[in-house]
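# Observations on the model geometry
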Amino acid sequence: MSFIELMNVSKFWGDVRAVEKLNIKIEEGEFVVLLGPSGCGKSTTLRLIAGLENVSSGGIFIGGKNVNNIDPSSRNISMVFQSYALFPHLNVEENIIFGLKVRKVKKGDRQVKLKNVAEKVGLSNLLKRKPAELSGGQRQRVALARAIISENPICLMDEPLSNLDAKLRHQMRSEIRSLQKELNITLIYVTHDQTEAMSMADKIVLLNEGEIVQQGRPKELYEKPENTFTAKFLGNPPMNLINLEVEREGNYIPIFEEKYFIKQKSDKKNILGIRPEDIEISKKGIKCTINDLDYQGSDVVLSLQLGNQEIYARIDSKKVEELDNQVYINWNNNNLHLFDFESGVRDVNQIWDAVDS
Amino acid sequence: MFKNNLHHIYAWLLLSPALILMGTFTHIPSILTLISSFFSTGTKKFPSKFVGIENYEMIFDDPIFLEAVINNIWYAIATIVPSIILAILMALIVDSKLSGRVLVRMAYFTPTILPMIAVSNIWLFFYTPEIGLMDQIATNLGFNSQNWLGDKDTVLNCIILITIWKEAGFFMIFYLAALQNIPPELKEAAFLEGSSKFYFFRRITFPLLMPITLFVLINATLNSFKLVDHLFILTKGGPDNASNLILYYIYETAFSFLDSSYAATLTIFLLFALAIISIVQFMFFDKRTHYR
Ligand SMILES: Nc1ncnc2c1ncn2[C@@H]1O[C@H](COP(=O)(O)OP(=O)(O)OP(=O)(O)O)[C@@H](O)[C@H]1O
Ligand SMILES: [Mg+2]
């Protein structure tokens with residue numbers, strides 16, 4: 001059995017379904033990110049693990065033991081809230097050692113731990129300040145310090161970086177990541193930011209409308225999305241999904257009167273997926289017109305008109321100068337993904353020939 | 001320049017209704033009171049004349065006033081402390097996830113919205129010997145029948161009980177508003193650390209309620225020296241001045257004994273005493289109060 005396991009966990013509020021039949025396995029020391037759009041049940045899942053909410057059905061196991069009926073405080077979990085939940089009338093020091101005082105840790109031990117943790121998160125000279133006298137990033141560190149001083153093996157974080165500006169967020173990401181490795185904490189981290197999830201996670205659990213869409217290593221989710229939801233959720237811009245038409249000869253991309261056949265042996269309607277960075281601009285291939293250019297520094301994202309559909313291509317910004325309004329696109333067939341039109345599920349038997357041009 | 005003048009005229013015109021009302025009913029009477037406290041009360045034979053601080057010296061030789069002051073201090077302490085404790089308790093109860101809490105909130109608040117005169121009449125009935133609610137309870141528990149409002153030993157405490165009953169619900173509203181302003185994550189964060197409910201109240205909730213407590217304390221203190229409505233209905237300060245309070249005594253001095261100068265002197269005295277008490281409370285608690 002894994003260190004933390006959720007078995008068929010569901011949570012309903014009356015008729016409202018927050019999450020349903022979640023099955024998640026988390027190993028010790030793993031960094032797991034719960035990812036998904038707003039309202040998909042990320043916070044609920046986290047709060048169920050913490051014990052702040054009770055499950056409607058299913059079981060949560062920590063260290064092989066069912067904790068359904070165990071108090072939050074006895075689950076050996078610490079938590080960082082999105083709003084930080086600092087006590088406004090207590091100074092930084094008092095905030096950090098709040099839990100130690102509750103557990104009646106001796107003053108000497110408290111001070112040693114405090115010094116240690118404050119150094120780790122870089123708060124040593126702010127200990128006497130009140131939360132209101134701190135910047136957002138510093139408050140974030142206090143919340144972090146309060147979570148790690150308890151030395152609990154498990155830490156939960158609910159969108160801890162969403163109130164910070166982009167630069168600070170980037171810095172905190174790597175700090176949290178290295179703290180987690182250093183202290184060997186099992187970390188469950190909630191975010192709706194796919195970049196954050198991809199860069200931090202050992203494992204991503206992607207949720208939508210209370211159900212798990214896909215879970216696995218970031219690379220797996222990115223390279224082998226099991227369905228169109230995952231394909232659309234990861235990547236910036238996300239994977240292009242092109243609706244195909246079907247005939248006896250197979251699937252094709254309709255471009256006004258013309259048909260570009262995708263030579264794969266399928267007689268049902270499919271969706272073609274291709275990542276923007278896998279599209280090449282070349283001398284021959286499928287003809288498109290450029291609708292728009294989005295300059296992003298080293299890269300440029302082109303939005304291209306492909307028949308009556310719009311797709312994105314990411315190319316080196318040095319190559320933009322040479323482009324006409326009319327371009328031809330091409331791709332390596334190994335980079336194509338095929339999904340069933342009705343269910344959105346990945347077609348596992350993808351067999352490709354070359355693209356017609 | 002001309003335009004600027006016009007602005008000033010508009011400003012004064014807009015301010016004038018409030019100024020006139022405040023002046024007529026607050027500031028001018030206050031000043032007149034201060035002035036008349038230095039004069040004797042005029043009669044047909046002896047017209048009013050300047051007497052300096054003679055009126056003020058009289059205060060310290062006035063045994064009834066002294067009794068009213070002592071009564072009032074006891075009344076203040078015995079109403080404020082319990083009503084604050086009750087208010088916090090009630091607020092904590094109605095803030096929790098109790099079913100039917102809207103009803104409970106309304107029930108707690110009802111005494112506050114009733115007019116004091118009506119309330120006094122209800123309580124007058126409760127305190128009636130033999131047939132009143134209090135006596136019914138007392139005799140059922142095996143105690144002797146009591147003349148609650150007619151007995152020097154019980155009368156003031158009976159009045160105190162009414163005030164607590166009325167004020168606690170009022171203060172509860174302030175505490176409730178403050179409690180609902182405390183983010184629920186604070187509680188969750190504390191409980192995750194293993195804090196008990198009581199520990200959380202002591203270390204977090206109560207300190208966060210301090211600004212409200214300060215506000216309530218000052219209000220309650222002022223109220224306890226200002227509230228007289230119920231005395232008119234219930235006791236008229238009796239028996240034998242046992243329930244006489246400062247403001248009621250001032251009222252009697254002015255309108256029953258018709259000694260308006262002495263009444264003015266007592267008023268000024270009360271005003272200063274209240275100002276000093278408020279300032280002391282404010283300075284004492286302000287240091288211990290966290291404002292958001
Ligand atoms: N206390 C509650 N009572 C009723 N419904 C709730 C409650 N808490 C959450 N929900 C519902 O459960 C669903 C999941 O909510 P949850 O807070 O877990 O979403 P989330 O993924 O954290 O979203 P966000 O990214 O916006 O924080 C939502 O539809 C929400 O409306
Ligand atoms: Mg959430």
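Looking only at helices and strands, chain B features 13 helices and zero strands. Sequence-ordered secondary structure for chain B, helices as α and strands as β, is α-α-α-α-α-α-α-α-α-α-α-α-α. Computed over C-alpha atoms, the radius of gyration of chain B comes to 24 Å, more than 25% over the 19 Å expected from 2.2 N^0.38 for 292 residues, which places it beyond the range of a compact globule. Along the longest, intermediate and shortest principal axes, the C-alpha atoms of chain B span 80 × 75 × 30 Å. Taking contacts inside chain B between residues at least 6 apart in sequence as the whole, the part at least 24 apart equals 67%. Surface summary for chain B: the accessible area is close to 17000 Å², and the carbon and sulfur share equals 72%.

Moving on, we get to the pattern of salt bridges. Residues and elements named next belong to chain A. In the structure shown here, the tally under the stated rule is 17 salt bridges over all chains. Between Glu 182 and Lys 120 there is a salt bridge, with the nearest N and O atoms lying 3.8 Å from each other. Note that Glu 182 is positioned in helix 6 (residues 166-183) and Lys 120 in helix 4 (residues 107-121), a separation of 62 residues in sequence. As a salt-bridge pair, Arg 314 and Asp 299 come within 3.2 Å of each other at their nearest N and O atoms. Here the residue Arg 314 occupies a position in strand 19 (residues 309-316), and Asp 299 occupies one in strand 18 (residues 299-306), the gap between them amounting to 15 residues. A relative accessible area of 23% means that Asp 299 is categorised as partly exposed. Connected via shared salt-bridge partners are Arg 17, Glu 20 and Glu 211.

A contiguous patch of positive charge, built from Lys 97, Arg 101, Lys 187 and Lys 197 of chain B, is present on the exposed surface. Summarising the element assignment, Lys 197 of chain B is placed in helix 9 (residues 197-208).

Attention shifts here to the packing of helix 5 (residues 136-149) of chain A against helix 6 of chain A. Residue and element names in this part refer to chain A. Taken N-terminus to C-terminus, the directions of helix 5 and helix 6 make an angle of 15 degrees; their axes are 12 Å apart at the nearest point. Comparing their axes, helix 6 and helix 5 come out roughly parallel. At the point where helix 5 passes helix 6, the crossing takes the right-handed sense. Packed against helix 5, whose contacting residues are Gly 137, Gln 140, Arg 141, Leu 144 and Ile 148, the element helix 6 presents Leu 168, Gln 171, Met 172, Glu 175, Ile 176, Leu 179 and Leu 183 at the interface.

Let's shift gears to helix 3 (residues 63-95) of chain B. The terminal C-alpha atoms of helix 3 of chain B, which comprises 33 residues, lie 47 Å apart, in line with the 48 Å expected from a rise of 1.5 Å per residue. The N-cap residue of helix 3 of chain B is Asp 62 of chain B: its side-chain oxygen and the backbone nitrogen of Ile 64 of chain B are 3.1 Å apart.

Residue and element names in this part refer to chain A. Two strands pair when backbone bridges link them, and strand 1 (residues 4-13) and strand 4 (residues 57-62) are joined in this way by five bridges, in the antiparallel orientation. What sits directly across from Leu 6, in strand 4, is Ile 60. Where strand 4 folds back on strand 5 (residues 65-66), the antiparallel hairpin that results is connected by two residues, among which Gly 63 adopts a positive phi of roughly 60 degrees.

A word on the interface of chain B and chain A. On the side of chain A, 24 residues touch chain B, which itself brings 17 residues to the contact. In terms of surface lost to chain A, no three residues of chain B exceed Leu 192, Glu 193 and Arg 203 of chain B, which account for 39% of the buried area on that side. With a shortest N-O distance of 2.7 Å, Arg 47 of chain A and Glu 188 of chain B are connected by a salt bridge. The interface formed by chain B and chain A holds five residue pairs in polar contact (both at pLDDT 80 or more) in total. Among the secondary structure elements, those contributing two or more residues to the side of chain B that touches chain A are helix 8 (184-192) and helix 9 of chain B. The element that contributes the greatest number of residues to the side of chain B that touches chain A is helix 8 of chain B, accounting for seven residues.

Right, let's talk about the nonpolar core for a bit. Counting 81 residues, the largest nonpolar core has Leu 156 of chain A together with Tyr 175 of chain B as its most contacted members. Counting residues per element, this core draws most heavily on helix 3 of chain B, which supplies 10 residues. Not counting chain neighbours up to four residues away, the residues in contact with Leu 156 of chain A comprise Leu 46, Ile 49, Ala 50, Ile 77, Ser 78, Met 79, Val 80 and Ile 188 of chain A. Counting 45 residues, the second-largest nonpolar core is a separate cluster that includes Leu 35, Ile 97, Leu 164 and Tyr 189 of chain A.

All names here are of chain A. Strand order across the open sheet formed by three strands is 12-13-14, with antiparallel pairing between neighbours. One side of each edge strand has no neighbouring strand; the edge strands of this open sheet are strand 12 (245-247) and strand 14 (258-262). With direction set aside, neighbouring strand axes in the sheet form an average angle of 45 degrees.

Turning our eyes to something else, we now look at the site of ligand 1. All names here are of chain A. In the vicinity of ligand 1, the contacting residues are Trp 13, Ala 18, Ser 38, Gly 39, Cys 40, Gly 41, Lys 42, Ser 43, Thr 44 and Glu 159. Cys 40 places a main-chain nitrogen or oxygen 3.2 Å from an oxygen atom of ligand 1. Between ligand 1 and the protein, one listed contact pairs an oxygen atom with a backbone N or O atom of Gly 41 at 3.0 Å. Counting residues per element, the shell around ligand 1 draws most heavily on helix 1 (residues 42-50), at three residues. Partitioned by chemical class, the residues of the shell around ligand 1 number three nonpolar, five polar and two charged.

So, on to the environment of Tyr 75 of chain B. With respect to the helices, strands and loops of the structure, Tyr 75 of chain B is situated in helix 3. Other than its neighbours up to four places away in sequence, Tyr 75 of chain B contacts Ile 159, Ile 160, Thr 163, Ser 224, Leu 227, His 230 and Leu 245 of chain B.

Quick look at the environment of Pro 183 of chain B now. Position of Pro 183 of chain B relative to the elements: it lies in the loop between helix 7 (155-181) and helix 8. For the pair formed by Pro 183 of chain B and Lys 97 of chain B, sequence separation is 86 residues and the distance between their alpha carbons is 15 Å.

A separate point is the packing of aromatic side chains. In total, this model carries 17 aromatic pairs over all chains according to the counting rule given. Ring plane angle 35 degrees and centroid distance 6.0 Å describe the contact between Tyr 248 of chain B and Tyr 251 of chain B, whose orientation is recorded as tilted. Residue Tyr 248 of chain B and its partner Tyr 251 of chain B are located together in helix 12 (residues 246-255), separated by three residues, close to a single helical turn. You can call Tyr 248 of chain B buried: its relative accessible area is 3%. The class of Tyr 251 of chain B is partly exposed, set by a relative accessible area of 35%. Here the aromatic cluster, defined as three or more aromatic residues joined through ring pairs, consists of Phe 60, Phe 65, Tyr 249 and Phe 269 of chain B. Lying across the ring of Phe 87 of chain A, Arg 146 of chain A places its NZ or CZ 5.2 Å from the centre. Directly above the aromatic system of Tyr 222 of chain A lies the positively charged group of Arg 275 of chain A, at a separation of 3.8 Å from the ring centroid.

On to the domain arrangement of chain A. All names here are of chain A. Each assigned domain of chain A is listed with its residue range as follows: domain 1 (4-224) and domain 2 (233-340). Taking only C-alpha atoms, the centre of domain 1 and the centre of domain 2 are 39 Å apart. Taken together, the contact pairs 10 residues of domain 1 with seven residues of domain 2. Both faces combined, the contact of domain 1 with domain 2 buries some 730 Å², and carbon together with sulfur accounts for 67% of it. Considering only the side of domain 1, the residues that lose the most area to domain 2 are Gln 194, Leu 206 and Tyr 222, jointly responsible for 65% of the buried surface there. Taken together, domain 1 and domain 2 are joined by zero salt bridges. Taken together, domain 1 and domain 2 are joined by three residue pairs in polar contact (both at pLDDT 80 or more).

What counts, and at which threshold
Residues numbered from 1 in each chain as written. Chains lettered and ligands numbered in written order. Predicted model: local features only at pLDDT ≥ 70, side-chain atom pairs only at ≥ 80, totals over all residues. Heavy atoms only, no water. Helix = DSSP H or I, 4+ residues; strand = E, 2+ residues; numbered from the N terminus. Rg over C-alpha atoms; globule rule 2.2 N^0.38 Å. Contact = heavy atoms within 4.5 Å. Areas by Shrake-Rupley, 256 points an atom, 1.4 Å probe, with all protein chains shown as cover. Salt bridge = Lys/Arg side-chain N within 4 Å of Asp/Glu carboxyl O. Buried < 20%, exposed > 50% of the residue type's maximum accessible area, 1.4 Å probe, protein only. Patch = residues over 30% accessible without salt bridge, like charges linked within 9 Å, V, L, I, M, F, W, Y side chains within 5 Å. Lys, Arg positive; Asp, Glu negative; His and termini not counted. Charge placed at Lys NZ, Arg CZ, Asp CG, Glu CD. Axes fitted to C-alpha atoms, helices over the stretch in contact; angles between N-to-C directions. Parallel < 35°, antiparallel > 145°, perpendicular 65-115°, else oblique. Left-handed = near helix turned anticlockwise from the far one by under 90°. Expected span 1.5 Å × (residues − 1). Polar contact = N/O pair within 3.5 Å; in protein donor to acceptor, adjacent residues only side chain to side chain. Pairing = 2+ DSSP bridges. Buried area = accessible area lost by both parts, 1.4 Å probe. Core = buried A, V, L, I, M, F, W, Y, C linked by side-chain atoms within 4.5 Å. Near = heavy atom within 4 Å. Nonpolar A, V, L, I, M, F, W, Y, C, P; charged D, E, K, R; others polar. Phe/Tyr/Trp six-rings, centres within 6.5 Å; stacked < 30°, edge-to-face > 60°. Lys NZ or Arg CZ within 6 Å of the ring centre and 35° of its normal. Domains from an automatic or database assignment.

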